[in-house]
Amino acid sequence: MRALIGAAILIAIGVAGCDSANTDNRSANAATAKETATATADPTTGGQKGGTLTVGDESWTIMPAIQCSVYPGNVVSIAGHAAGNPELEIVIDWGGPNQARIAESDSGPGWHAIRDTLKVEIDGKAVRGTATFSQFATGTGKTAAGSFEVNC
């Protein structure tokens with residue numbers, strides 16, 4: 001008898017969650033996506049979050065889809081991907097651990113800033129930097145000069 005009552009309660013809860021107000025979440029999701037896109041605009045500069053990363057003669061537009069934050073004490077945490085190629089992860093961290101990279105994985109081939117060469121300037125929500133980049137996180141492989149500029 002208790003099992004029957006429990007099953008009836010579960011069915012009632014399931015049916016209650018399927019009323020006509022909840023059947024079309026697409027418009028609510030679209031509104032949320034629009035609010036998120038609007039929230040990425042920086043009200044102090046009127047610009048969008050993002051920027052560029054250049055290594056040698058290659059350049060990528062940074063889409064900080066995961067995080068773009070400047071914290072007190074000049075701590076920076078930027079994470080996202082290259083525009084047009086979401087497989088290329090872009091990470092810029094300053095204030096521990098210090099790193100800048102564009103690669104398909106943490107240690108895979110791509111471009112990784114050699115830590116001793118990484119220099120970062122922070123002006124409000126604007127982050128600029130330079131470094132010598134290496135093909136691998138270990139500092140091995142081909143190297144090239146690089147720079148980045150991101151507006152958070």
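Computed from a prediction, not measured in an experiment: that's the story for all the values here.

Draft legend 1. Representation of the overall build of the chain within the structure. In terms of helices and strands, the chain carries two helices and nine strands. When the helices and strands of the chain are read in sequence order from the N terminus, they spell out α-α-β-β-β-β-β-β-β-β-β. Residue burial in the chain is summarised as follows: out of 152 residues, 29% are buried. Counting only contacts in the chain whose residues sit at least 6 apart along the sequence, the fraction spanning at least 24 positions is 35%. Just so you have it, the chain exposes about 9,400 Å², and 57% of that area is on carbon and sulfur atoms.

Draft legend 2. Focus on the pattern of salt bridges. Within the structure shown, the criterion is met by one salt bridge. Between E89 and R101 there is a salt bridge whose closest N-O contact spans 3.4 Å. Here E89 is found in strand β4 (residues 85-94), whereas its partner R101 is found in strand β5 (residues 99-103), with 12 residues between them in sequence. Relative accessible area serves as the criterion here: at 30%, E89 is assigned to the partly exposed category.

Draft legend 3. Inspection of the pairing of strand β8 (residues 126-134) at higher detail. Sheet topology note: the strand β6 (residues 110-113)/β8 ladder contains two bridges and is antiparallel. Paired with H112 across the two strands is S134, which belongs to β8. Note that strand β7 (residues 119-123) and β8 share five bridges and pair antiparallel. Counted as the bridge partner of V120 is G129 from β8. A loop of two residues connects β7 with β8, the two strands running antiparallel in sequence, and G124 in this loop sits at a positive phi of about 70°. In this structure, β8 lies alongside strand β9 (residues 143-151), joined through nine bridges in antiparallel fashion. Within the sheet, the bridge partner assigned to S134 lies in β9 and is T143.

Draft legend 4. Quick peek at the pairing of β5. Extensive coverage of β5 is indicated by the burial of four of its five residues. Alignment of β4 against β5, held across five bridges, turns out to be antiparallel. Its bridge partner lying in β5, I90 is registered against I102. From the end of β4 to the start of β5, which pair antiparallel, there are four residues, and G95 there has a positive phi angle of about 100°. The sheet contact formed by β5 and β6 spans three bridges and is antiparallel. Bridging from a neighbouring strand, A103 pairs with G110 of β6.

Thresholds, definitions, all that
Residues numbered from 1 in each chain as written. Predicted model: local features only at pLDDT ≥ 70, side-chain atom pairs only at ≥ 80, totals over all residues. Heavy atoms only, no water. Helix = DSSP H or I, 4+ residues; strand = E, 2+ residues; numbered from the N terminus. Buried < 20%, exposed > 50% of the residue type's maximum accessible area, 1.4 Å probe, protein only. Contact = heavy atoms within 4.5 Å. Areas by Shrake-Rupley, 256 points an atom, 1.4 Å probe, with all protein chains shown as cover. Salt bridge = Lys/Arg side-chain N within 4 Å of Asp/Glu carboxyl O. Pairing = 2+ DSSP bridges.

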